[in-house]
Amino acid sequence: MRKAIVFVALLVGISLSVEISLPLVWHAKGNLIRYVPRTDRYFTGGFLGANVDFISVSLGKYAIILVPEALIWTGMGYQCEEVIFDPRDMHYSLDAGIVFQQDKFRLKFTWYHDCFHEVDRKTEPTIIWNLFELALCPRNFSVQARLNEFQSEAGFDFKPKIYWQVYFGFFPKLSSPSWFQYKHDLATHFGAELNLSFARFKKFSAEAGFYPEFWHNRKGKVYNRIIGRLSVNAYGYGGQFSLFWSYIFSETQPIRPKGRRAIIGVEFLM
């Protein structure tokens, strides 16, 4: 009887300290890019994405947040004709994420449902994957945290700051439905995002980035995509705007490989 009373009291205490809310905080991101050199397959591209902090459960300094997300990429090739822009592909992702958050770190579990489609072409098949992924990063990795940092800074600052994220995911193999994994044999996906802010002035920063990604298929083969990036970023109005140059140093993964080439573009994060 005493144990039951203690257990009930514990449940009541937890329920009184738990806060459940609907923050409905929207975030958006996007870019416009140009490939160098251009080809009939890769010329320009665009990306738009949005997610929302939908449901939040807080217990002291800890929080669990449900984050649904939708993303879409489009790509165009180049033709030396009257019509220069040649629509080539579309890639969309519908995601459900759960963020576990505390004072210093964020751990996010995401179910990615990705579809890779071609535009009026049968030479490259439609590919579908479902990926379960865990990503770990410090709280300052988010754009909102960096905005808070910049609001408290003034003048030139050359002290290096590192923003990082690591992730690991796997592609569960199911016999049904058949489209759960379609036209690929990938088994795992892992990598990192490393950004070094090496110069800041008021609400502007210069950053260098390094993004290694790896895939492992069911036969034991490992694929990669390794990208380096330089950017100039401006912070304000609740987000970040960037001008960037990046280079694909290596890419052996089999889904729409772009090869070794440069990418220049503009990007926004909110």
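(A) Spatial organisation of the overall build of the protein. If you tally the helices and strands in the protein, you get 2 helices and 15 strands. Projected onto its principal axes, the C-alpha positions of the protein cover 80 × 60 × 35 Å. In the protein, buried positions account for 40% of the 270 residues. Partitioning the contacts of the protein with sequence separation of at least 6, the portion at a separation of at least 24 is 56%. Treating the 31 positive side-chain charges of the protein as one cloud and the 24 negative ones as another, the clouds have centres 6 Å apart.

(B) Focus on the pattern of salt bridges. Applying the stated rule across the entire model yields 10 salt bridges. Between Arg88 and Asp86 there is a salt bridge, with the nearest N and O atoms lying 3.9 Å from each other. Each member of the pair, Arg88 as well as Asp86, is classed as buried. Two residues, Arg256 and Asp89, come together in a salt bridge whose shortest N-O distance is 3.5 Å. Of this pair, Arg256 sits in the loop between β14 (239-251) and β15 (262-269) while Asp89 sits in strand β6 (residues 85-101), and the two are 167 residues apart along the sequence. The exposure class assigned to Arg256 is buried, which follows from its relative accessible area of 11%. Residues participating in the shared-partner salt-bridge network are Arg41, Asp89, Glu118 and Arg256.

(C) Focus on the side chain of Glu213. Relative to the elements of secondary structure, Glu213 occurs in strand β12 (residues 204-217). For Glu213, the side chain forms a polar contact with the side chain of His189, separated by 3.0 Å.

(D) Just the side chain of His189, in detail. Along the polypeptide, His189 turns up in strand β11 (residues 186-201). Those residues in contact with His189, other than ones at most four positions away along the chain, are Leu131, Glu133, Tyr167, Phe168, Gly169, Phe171, Glu213, Phe214 and Trp215.

(E) Focus on unusual backbone geometry. Across the junction of Val36 and Pro37, the peptide omega takes the value 0°, indicating a cis bond. Mapped onto the elements, Pro37 comes out in the loop between β2 (25-36) and β3 (44-53). In the segment running from Ser176 into Pro177, the intervening peptide bond is cis, with an omega of 0°. Tracing the chain through its elements places Pro177 in the loop between β10 (161-170) and β11. Positioned with a positive phi, Leu24 is a non-glycine residue whose angle comes to about 50°. In this structure, Leu24 sits in the loop between β1 (18-21) and β2. At Lys183, a residue that is not glycine, the phi angle is positive and equals roughly 65°. Here Lys183 shows up in the loop between β10 and β11. Since its relative accessible area comes to 54%, Lys183 is described here as exposed.

(F) Representation of the environment of Leu22 within the structure. Here Leu22 lies in the loop between β1 and β2. Spatially, the C-alpha atom of Leu22 lies 6.2 Å from that of Ser56, the residues being 34 residues apart in sequence. Beyond its immediate sequence surroundings of up to four residues, Leu22 is in contact with Phe54 and Ile55.

(G) A look at the nonpolar core. Among the nonpolar cores identified, the biggest contains 10 residues, and these are Tyr112, Phe116, Ile127, Trp129, Leu131, Phe171, Leu186, Trp215, Tyr223 and Ile255. Listed by contribution, the elements that provide at least two residues to this core are β7 (105-118) and β8 (127-138). The biggest single contributor to this core is β8, with 3 residues. Discounting chain neighbours no more than four positions away, the residues touching Ile255 are Phe116, Ile127, Trp129, His184 and Leu186. If you look at the next biggest cluster of nonpolar residues, it comprises 8 residues, including Tyr42, Tyr211, Phe244 and Ile263.

(H) Quick look at the pairing of β3. Counting buried positions over the 10 residues of β3 gives 8, a clear majority of the element. Pairing between β3 and strand β5 (residues 62-78): 8 bridges, direction antiparallel. By the bridge assignment, Ala50 is partnered in β5 with Ala70.

(I) Just the packing of aromatic side chains, in detail. All told, the structure shown has 18 aromatic pairs when counted by the stated rule. Taking 5.4 Å as the distance between ring centres and 85° as the angle between the ring planes, the aromatic pair formed by Trp111 and Phe132 counts as edge-to-face. Placement of the pair is Trp111 in strand β7 and Phe132 in strand β8, with a sequence separation of 21 residues. Ring-pair connections join several aromatic residues into one group, and the members of that group are Phe109, Trp111, Phe132, Phe170, Trp179 and Phe180. Taking NZ or CZ as reference, Arg38 lies 3.9 Å from the ring centre of Tyr78, over its face.

Rules used in this analysis
- Residues numbered from 1 in each chain as written.
- Predicted model: local features only at pLDDT ≥ 70, side-chain atom pairs only at ≥ 80, totals over all residues.
- Heavy atoms only, no water.
- Helix = DSSP H or I, 4+ residues; strand = E, 2+ residues; numbered from the N terminus.
- Buried < 20%, exposed > 50% of the residue type's maximum accessible area, 1.4 Å probe, protein only.
- Contact = heavy atoms within 4.5 Å.
- Lys, Arg positive; Asp, Glu negative; His and termini not counted.
- Charge placed at Lys NZ, Arg CZ, Asp CG, Glu CD.
- Salt bridge = Lys/Arg side-chain N within 4 Å of Asp/Glu carboxyl O.
- Polar contact = N/O pair within 3.5 Å; in protein donor to acceptor, adjacent residues only side chain to side chain.
- Core = buried A, V, L, I, M, F, W, Y, C linked by side-chain atoms within 4.5 Å.
- Pairing = 2+ DSSP bridges.
- Phe/Tyr/Trp six-rings, centres within 6.5 Å; stacked < 30°, edge-to-face > 60°.
- Lys NZ or Arg CZ within 6 Å of the ring centre and 35° of its normal.

Any functional reading would require information beyond the geometric quantities listed.
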